[in-house]
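Take a look at the letters that make up each chain.
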Amino acid sequence: MPGLFDPYTLKGITLRNRLAVSPMCQYMAREGLVTDWHLPHYTSLARGGAGLVVVEATAVSPEGRITPGDLGLWSDAHVQGLAAVARSIADAGAVPGIQLGHAGRKAGCTPPWEGGAPLPKADPAHWEPIAPSALPLIAEQPHLPRAMTGADIRRVQQDFVDAAQRTHDAGFQWLELHFAHGFLAQSFLSKHFNARDDAYGGSLENRARFLVETVAAVRQVWPASLPLTARLGVLEFDGDDGMNLAESIEVLAHLKAAGLDLVDVGIGFSTLSPVPWAPNMLVPVAERVRRETGLPVATSWLITDAKEADGFVRKGQLDLVMFARRFLDNPHWTQQAARALDLPKPSWVLPSPYAYWLENWATP
Ligand SMILES: CC(=O)[C@H]1CCCN(Cc2ccccc2)C1
C-alpha cells in the first residue's frame, strides 16, 4: 500500500504526494476579491511541498459569505485574482484546489479575531442570512435567517454551478464543495435546522436533495477529468451520531452516483454541542466511510504526526491527509514530515533554490 509521500491519481489529476493543505479562511478579501494577502500566502504554502493546496472557503454569492472578508466567485471579476493564485500554486508543483461554499445561517459575521458574532443590523455591511428554515443557530441569538423559497434554492444551486465554471476558468483542478460545518448545504441535511415541509425537508432523501442536485448540476460544468469532491459533516456529537453517520453514508452513495469523486470527511457543527476533541479523531470514521461507500476519502482535525499520517495511508484508512494548522505554523512542514519518514534527500520536497542549500548544509 502507498504511503504519505507516494503520488495519488484521481480521475485525470496526479498529486505528487498525499499531503494536502486544508482550506483555511483568511477573511482578507474585499468584496470577494483577492488582495495582496492571498498570493504570497498560497504561494508559500504551495512551495512547502504539499501535493494539493485547497484555497479557503470561497462564496458562491455575496450573501453566502461567512464574513465581509470572504473570497468570492460570484462574478467574472473574481476570476483574475484567483487565476494568479491557482497559477502560482501550480508553478510550485502542487495541484491548485478551492473550496466553494455558502454559509447559510452562519453568514454575515465578523472574523473570529473580532468575536465572530453576527454583524449588528445597524452595521452598513450587514445582510440578512438565508437558510432552509427560519431557525437561529442558538436560541439567544437574534440572528434569524430568512427561510429560503423554492426560487432561492434554484438560484443558489445556479450560483454553485456558475462559481464552479469560474473555478475552472481560473485554472483550478480540484473542487471541494463545502457541505459541512453547519453551513447552507449541511443545514439542509440537518434534522436540527431543516424544518421544511416541501421536497427539501422531512425524509433523508428530501433533506439530501439540495446536496445531490447541487453535485449533479456542478458535475455538468466541472470537467469529468477533474476531481469533484465535497467536505461533508458526518458527525454532529449531538448524541445521535450512530444515525448521523449511517445517514451520511447513505447520502454519500447518492452523491457518488451524482458524480462525486472523493469525500473529505468532516464534522457537521450544526449545533454548538461540545466536541470530544482528540488526535486523529476522524480517521476511524473516514475509514468506515471509505469501506462502506467505496469513495476515496480525505480527512483532517488534529492530525499532526507524519508517521501516524503515513500509517493511515499505508493501512488504507485514508487516501489523502488534510493538514491545516501544521502548515500555518510552518509552510515547509512537508520537509519535516519527509525527515521524520527518513525519505532520501528530504529537503528536495522544496523548490531547488531552497533544497540545494538545505541538502548541502554540512558543506559550504
Ligand atoms: C469555512 C470553514 O469551514 C471554516 C470557518 C472558520 C473556522 N473553521 C474551522 C472551524 C470549524 C468549525 C468550528 C470551529 C472551527 C472552519
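Residues numbered from 1 in each chain as written. Predicted model: local features only at pLDDT ≥ 70, side-chain atom pairs only at ≥ 80, totals over all residues. Heavy atoms only, no water.

1. Quick notes on unusual backbone geometry
Okay, so step 1: In the Ramachandran plot, Tyr27 falls in the positive-phi region, its phi being about 55° despite a non-glycine side chain.
Okay, so step 2: By relative accessible area, which is 15% here, Tyr27 ends up buried.
Okay, so step 3: Look at His181: it is not a glycine, yet its phi comes out positive at around 60°.
Okay, so step 4: Within the secondary structure layout, His181 lies in the loop between β9 (174-179) and α4 (184-189).
Okay, so step 5: We classify His181 as buried; its relative accessible area is 14%. (Buried < 20%, exposed > 50% of the residue type's maximum accessible area, 1.4 Å probe, protein only. Helix = DSSP H or I, 4+ residues; strand = E, 2+ residues; numbered from the N terminus.)

2. A closer look at helix α2 (residues 79-91)
Okay, so step 1: Look at α2: 18 Å from first C-alpha to last across 13 residues, which is about the 18 Å you get at 1.5 Å a residue.
Okay, so step 2: Within α2, the full set of buried residues consists of Val79, Leu82, Ala83, Val85, Ala86, Ser88 and Ile89.
Okay, so step 3: Looking at the buried side of α2, the elements it contacts are α1 (38-47), β4 (52-59), β5 (71-72), β6 (95-101) and α3 (150-169).
Okay, so step 4: Of the residues trailing α2, Gly93 is marked for its positive phi of about 95°. (Expected span 1.5 Å × (residues − 1). Contact = heavy atoms within 4.5 Å.)

3. A closer look at the layout of surface pockets
In this approach, a probe sized like a water molecule rolls over the atoms, and the result shows the empty space that is left.
Okay, so step 1: Considered as a void within the structure, the largest pocket measures approximately 1,200 Å³ in volume.
Okay, so step 2: What lines the largest pocket is a set of 43 residues, among which Cys25, Tyr27, Pro112, His181 and Trp301 lie closest to the centre.
Okay, so step 3: Residue assignment for the lining of the largest pocket shows that the elements contributing at least two residues are β13 (320-323) and α9 (325-329).
Okay, so step 4: Per element, the largest residue contribution to the lining of the largest pocket is three residues, and it comes from α9.
Okay, so step 5: By residue class, the composition of the lining of the largest pocket is 23 nonpolar, 15 polar and five charged. (1 Å grid on protein atoms, 1.4 Å probe; cavity = no way out; pocket = protein on both sides within 12 Å on 5 of 7 lines; lining within 4 Å. Points joined across faces, edges and corners; volume = space filled by probe spheres on them. Nonpolar A, V, L, I, M, F, W, Y, C, P; charged D, E, K, R; others polar.)

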